[in-house]
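The lines below spell out each chain.
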Amino acid sequence: MEAGERAGGDKRGRQSCAIRIWTEASFPRFDLRVDDHTDPLKELRRLWRLAHQGYVPFQAALPSRARPAGHTDRDAVYRMCAEYAEAWNARHPE
């Protein structure tokens, strides 16, 4: 989307954008959209950072075939999320 914007963007202007990311699941892993915003790409990037940092480690803690009960220690899940966000931010500075 950013490359498209640099190449001239949409002739109708900038107002909204969305991203949907699928994995092997039958539902999208991420489905984010920004509507009626003055800088939709910047806002989508902000939402992506928040969603990615919080959801990816949380999803790893959910029940799965390998771990049917999932992680049941709430403090451990919060630590996983914080550690993941810290490492992700170090690799992806704003």
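A. Highlighting the pattern of salt bridges. Evaluated as defined, the whole model comprises three salt bridges. D35 serves as the salt-bridge partner of R33, at 2.9 Å between the closest nitrogen and oxygen. Residue classification places R33 among the exposed residues on the basis of a relative accessible area of 52%. Of the charged contacts, one joins R46 and E43 as a salt bridge, the two residues approaching to 2.8 Å between their closest N and O atoms. One end of the pair, R46, and the other, E43, are both in helix α2 (residues 40-61), three residues apart, so they sit about a helical turn from each other. When its relative accessible area of 42% is taken as the criterion, R46 is described as partly exposed. Since its relative accessible area comes to 18%, E43 is described here as buried.

B. Focus on unusual backbone geometry. Even without being glycine, D36 reaches a positive phi, approximately 50°. Within the secondary structure, D36 is located in the loop between β2 (30-34) and α2. Taking relative accessible area as the criterion, D36 reaches 62% and is therefore assigned exposed.

C. The arrangement of the nonpolar core in detail. Core analysis: the largest hydrophobic core is formed by five residues, namely C17, L32, V34, L41 and L44. Every element with two or more residues in this core is listed here: β2 and α2. The residues contacting L44, other than those within four sequence positions of it, are M1, C17, A18, I19, L32, R33 and V34.

Definitions and limits used
- Residues numbered from 1 in each chain as written.
- Predicted model: local features only at pLDDT ≥ 70, side-chain atom pairs only at ≥ 80, totals over all residues.
- Heavy atoms only, no water.
- Salt bridge = Lys/Arg side-chain N within 4 Å of Asp/Glu carboxyl O.
- Buried < 20%, exposed > 50% of the residue type's maximum accessible area, 1.4 Å probe, protein only.
- Helix = DSSP H or I, 4+ residues; strand = E, 2+ residues; numbered from the N terminus.
- Core = buried A, V, L, I, M, F, W, Y, C linked by side-chain atoms within 4.5 Å.
- Contact = heavy atoms within 4.5 Å.

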